[in-house]
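Inside the fold
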Amino acid sequence: MDHQAHLLEVKELKTYFFTFEGVAKAVDDISIHLDKGETLGLVGESGCGKSVTALSIMRLIPEPPGRIVNGKILFDGVKLLDLTMKQMRDIRGKRISMIFQEPMISLNPVFTIGDQISEMFILHENCSKRESWERAVEMLRAVQIPSPEKRVHEYPHQLSGGMCQRAIIAMALSCNPEILIADEPSTALDVTIQAQILDLMVQLKEDFDAAIMLITHDLGVIAEIAQRVVVMYAGKVVEEGQTITIFEEPKHPYTRGLLKSIPKLQERSRYGRQRLQEISGIVPSLYELSPGCSFYPRCPESMAMCQGSVPELVDIGKAHRVRCWLHSGH
Amino acid sequence: MVTYITRRLMQGIVVLLAVSFICFIIFRYAGDPVHTLAGRYATFQEQEMVRKAFGLDKPFYIQYTRFLANAAQGNFGKSFVTRVPAFNLILERLPASIELATSAIIISFIVGVGLGVLVSLQPYAMRNRLVMAGSLFGISIPTFLIGILLIMVFCVYLGILPPFGRGETRMIGFWRTGFLTWSGITHLILPAFTLGMYQLAVLLRLTRAGMREVLTKEYIKTAWSKGLPPRKVIFKHALRNVLIPVITMTGLQFGELIAFALVTETIFQWPGTGNLLLTSIYESDQPVIVTYIMLAALIILSLNIIVDILYAYLNPKIRYD
Ligand SMILES: Nc1ncnc2c1ncn2[C@@H]1O[C@H](COP(=O)(O)OP(=O)(O)O)[C@@H](O)[C@H]1O
Ligand SMILES: [Mg+2]
């Protein structure tokens, strides 16, 4: 464990949803960190709490039904969970930005692209209206949208999905945030567009010097741009390590399953996309989790003890951690 | 956009022609105008004279085209009762109706939309549930009852507002206005609330439902994630999307409030067109009735067209197609 301060550190975060069906422990005791300039991949099948983790960091959990019941989120030494809403608003968009999965519906249909981007400069940098429009054009240029002077005056429905996502990335990066949380930024797009968006993000990360938390259910995407990977399952971290370690020595049966679902990794065309459907069984409902390891019912290597209690996340060297009875060294 | 507007105008003209035809039928065949004009005790010769003098002996299509030609110039004949042109009679009353309808629509828009937004932010709070229950009353209680209740409370018990009439008015050109005097304004409050109550309740419910839906949209999540204050997220990003149907609704109702405020105008003795229509119906004053119907159709149609254009303007998806 290093004792250097991380840029972002999430400690023992628990975000629960209190619904009529019961309590959904969407995020259950998660600790992750992100360093300056780093790209972290957060992977897992859909429904395992990736978005909720991201929204918790932004403090955008819909309340009710959701609530952050426990944990600490340290950003540059500041405890985000202790901030007032007003202080939090100075961080959102300016120091931590977030982009969402569906570009076509993430922009407001009744305002122009320029209006929505320039809003960032007016809000966070006290720019005049004219100056912020000029800077909006510059941002559109930076994300390689052709003829940006024309595009600023257009409405979201006049842009394609890929263009919308570029505009959203432009908006998210406009105030030079230290962290960009990208929640499945390419999932909703065509395969070719997907690759372009990922390329763009890799390039912009250099230009804007932001740390990226890339959320995806596609390990193939992670392989391309993340240095470190956190694998989530049913609200818990099940494995964590350097991308290369995770790809070469996956320890958790779930991670192995995810990896197997990517056919022929080495030759895999970078434009390929594979949904993670090949692990047998389905993600359990968060309302009916068993007391033991939540992957137990689907696990090919399950043992009797897996049913009894949840294993700890143990460090097995080289910053590689895994939560599995196979590796708990008992 | 231009073709769109022309098309709407053409449609409007067709509808107006249809209305005029119905009006003509009423005018000509709902009771024999000769009897009305010549009086019940006229001799046969006298009746024939009237028939000739008014062209009532001409074939149907000639009578109709003459009716149309006259109508186009605002000439619908003289009132049977007062012997002044029916059009002037209505024009004189129109400002009162327009001022009443305008006040009603402004009150219902501001209060309805404002409350709708507030209620949508905490839909399950007790007081907001009460507001919603109240809005059901606004929709289901008949206008005359609302009017009478308001008069009872504010005029009879509290005695702070006048129960009838328009109060003092001023003339601006041909327009008689009540907006410029204190008495005119106090006289306006109760009838405007009565007339606008239904509309207020409808707008409140429409706004609440719209806001509830829009607030869950992805682009609202984006707005929050930008660090915008609640004021901006709610009143700029969310409300602007909700306002499209709300403004359409308001505009469409406005014409009806001008044209069909009969009940409210009667309760409050408001000297508007609705009151005039009612007396004209009692007295079978067909020229006035027909003029009224034509004018009402014209006002409602024009407002519909304006609303359509406004709708296209507010909604970029239509504006740019
Ligand atoms: N608004 C909500 N109300 C109730 N439950 C929610 C809500 N949002 C998320 N959840 C719960 O949290 C779980 C994880 O969701 P999420 O983080 O969106 O998954 P993903 O990993 O696909 O991003 C969901 O399966 C759901 O049970
Ligand atoms: Mg998600």
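All figures in this text were calculated on a predicted structure; none of them were measured in a lab.

**Here's the deal with the overall build of chain A**
When its secondary structure is counted, chain A shows 11 helices and 12 strands. Expected size for 330 residues packed as a compact globule is a radius of gyration near 20 Å; at 20 Å, chain A falls within 12% of this value. Its C-alpha atoms give chain A principal-axis dimensions of about 65 × 50 × 40 Å. Within chain A, buried positions represent 55% of all 330 residues.

**Some words on the side chain of glutamine 194 of chain A**
Residues and elements named next belong to chain A. With respect to the helices and strands, glutamine 194 occurs in helix α8 (residues 191-208). A relative accessible area of 4% places glutamine 194 in the buried class. Separated by 3.2 Å, the side chain of glutamine 194 and the backbone oxygen of serine 186 make a polar contact.

**Looking at the pairing of strand β9 (residues 228-233) of chain A**
Residues and elements named next belong to chain A. With six of six residues buried, β9 is to be regarded as a mostly interior element. A two-sided burial pattern is seen for β9, the buried positions comprising Arg228, Val230 and Met232 on one face and Val229, Val231 and Tyr233 on the other. Here strand β3 (residues 39-43) pairs with β9 via four bridges, running parallel. Note that in β9 the partner of valine 43 across the bridge is valine 231. As paired elements, β9 and strand β10 (residues 236-242) share six bridges and run antiparallel to each other.

**Some details on the interface of chain B and chain A**
With 21 residues of chain B at the interface, the matching set in chain A holds 25 residues. The junction of chain B with chain A conceals about 2,200 Å² of combined surface from both sides, 63% of it contributed by carbon and sulfur atoms. Between the two partners, chain B and chain A, sit three salt bridges. The salt bridge partner of lysine 226 of chain B is glutamate 119 of chain A, with a shortest N-O separation of 2.7 Å. Across the side of chain B that touches chain A, the residue classes break down as nine nonpolar, five polar and seven charged.

**Digging into the environment of threonine 112 of chain A**
All names here are of chain A. Here threonine 112 lies in the loop between α3 (103-106) and α4 (113-125). Along the backbone, threonine 112 and tyrosine 155 are 43 residues apart, and their C-alpha atoms lie at a distance of 4.4 Å. Discounting residues that sit within four places of it in the chain, threonine 112 has contacts with Trp133, Val152, His153, Glu154 and Tyr155.

**A closer look at the nonpolar core**
All names here are of chain A. Counting residues in each nonpolar core, the largest one holds 57 residues, and the members touching the most others are Ile57, Leu80, Ile96, Ile179 and Ile181. It is strand β2 (residues 22-34) that provides the largest number of residues to this core, a total of six residues. Beyond its immediate sequence surroundings of up to four residues, isoleucine 181 is in contact with Ala54, Ile57, Met58, Ile96, Ser97, Met98, Ile99, Met213 and Ile215. Among the nonpolar cores identified, the runner-up in size contains 38 residues, and Ile117, Phe121, Val152 and Met201 belong to it.

**Let's talk about the pairing of strand β1 (residues 8-19) of chain A**
All names here are of chain A. Pairing of β1 with strand β4 (residues 66-75) involves eight bridges; the strand directions are antiparallel. The partner of leucine 8 across the bridge, within β4, is phenylalanine 75. In this sheet, β2 lies alongside β1 in antiparallel orientation, the contact comprising nine bridges. Each bridged residue has a counterpart across the sheet, and for leucine 8 the counterpart in β2 is leucine 34. A loop of two residues connects β1 with β2, the two strands running antiparallel in sequence.

**Some thoughts on the site of ligand 1**
Residue and element names in this part refer to chain A. The immediate surroundings of ligand 1 are formed by 13 residues, with Gly47, Gly49, Lys50, Ser51 and Val52 found nearest. In the environment of ligand 1, an oxygen atom lies 3.1 Å from a nitrogen or oxygen atom belonging to the backbone of glycine 49. Protein chains bury 69% of the 560 Å² of accessible surface belonging to ligand 1 in isolation. By residue number, the principal contributor to the shell around ligand 1 is helix α1 (residues 50-58), which donates three residues. Partitioned by chemical class, the residues of the shell around ligand 1 number seven nonpolar, five polar and one charged.

**Some thoughts on the sheet that holds β9 of chain A**
All names here are of chain A. Spatially, the eight strands line up as an open sheet ordered β6-β7-β8-β3-β9-β10-β12-β11, and their pairing is mixed. What marks the edges here is a single partner per strand, and that holds for β6 (96-99) and β11 (314-315). Here four bridges tie β6 to strand β7 (residues 179-183), and the two strands are oriented parallel to one another. Following the sheet pairing, isoleucine 96 is matched in β7 by isoleucine 179. Relative to β6, α1 is tilted by about 145 degrees, and along the sheet it contacts β3, β6, β7, β8 (211-216) and β9.

**Thoughts on the confidence of the model for chain B**
Residues and elements named next belong to chain B. Residue-level pLDDT values for chain B average 85, and 97% of them are 70 or greater. Within chain B, the lowest mean pLDDT, 70, falls on helix α2 (residues 33-38), and the highest, 94, falls on helix α9 (residues 218-225). Taken over the whole predicted complex, pTM reads 0.82, whereas the ipTM for its chain interfaces reads 0.88.

**Some words on a nonpolar patch on the surface**
Residue and element names in this part refer to chain B. Together, Phe144, Leu145, Ile148, Leu149, Met152, Val153, Val156, Tyr157, Leu158, Ile160 and Val263 give the surface a local cluster of nonpolar side chains, amounting to about 1,000 Å² of exposed area. Counting residues per element, the nonpolar patch draws most heavily on helix α7 (residues 143-157), at eight residues. Along the polypeptide, leucine 158 turns up in the loop between α7 and β1 (170-172).

The rules behind these values
- Residues numbered from 1 in each chain as written.
- Chains lettered and ligands numbered in written order.
- Predicted model: local features only at pLDDT ≥ 70, side-chain atom pairs only at ≥ 80, totals over all residues.
- Heavy atoms only, no water.
- Helix = DSSP H or I, 4+ residues; strand = E, 2+ residues; numbered from the N terminus.
- Rg over C-alpha atoms; globule rule 2.2 N^0.38 Å.
- Buried < 20%, exposed > 50% of the residue type's maximum accessible area, 1.4 Å probe, protein only.
- Polar contact = N/O pair within 3.5 Å; in protein donor to acceptor, adjacent residues only side chain to side chain.
- Pairing = 2+ DSSP bridges.
- Contact = heavy atoms within 4.5 Å.
- Buried area = accessible area lost by both parts, 1.4 Å probe.
- Salt bridge = Lys/Arg side-chain N within 4 Å of Asp/Glu carboxyl O.
- Nonpolar A, V, L, I, M, F, W, Y, C, P; charged D, E, K, R; others polar.
- Core = buried A, V, L, I, M, F, W, Y, C linked by side-chain atoms within 4.5 Å.
- Near = heavy atom within 4 Å.
- Areas by Shrake-Rupley, 256 points an atom, 1.4 Å probe, with all protein chains shown as cover.
- Axes fitted to C-alpha atoms, helices over the stretch in contact; angles between N-to-C directions.
- pLDDT = per-residue confidence, 0-100.
- Patch = residues over 30% accessible without salt bridge, like charges linked within 9 Å, V, L, I, M, F, W, Y side chains within 5 Å.

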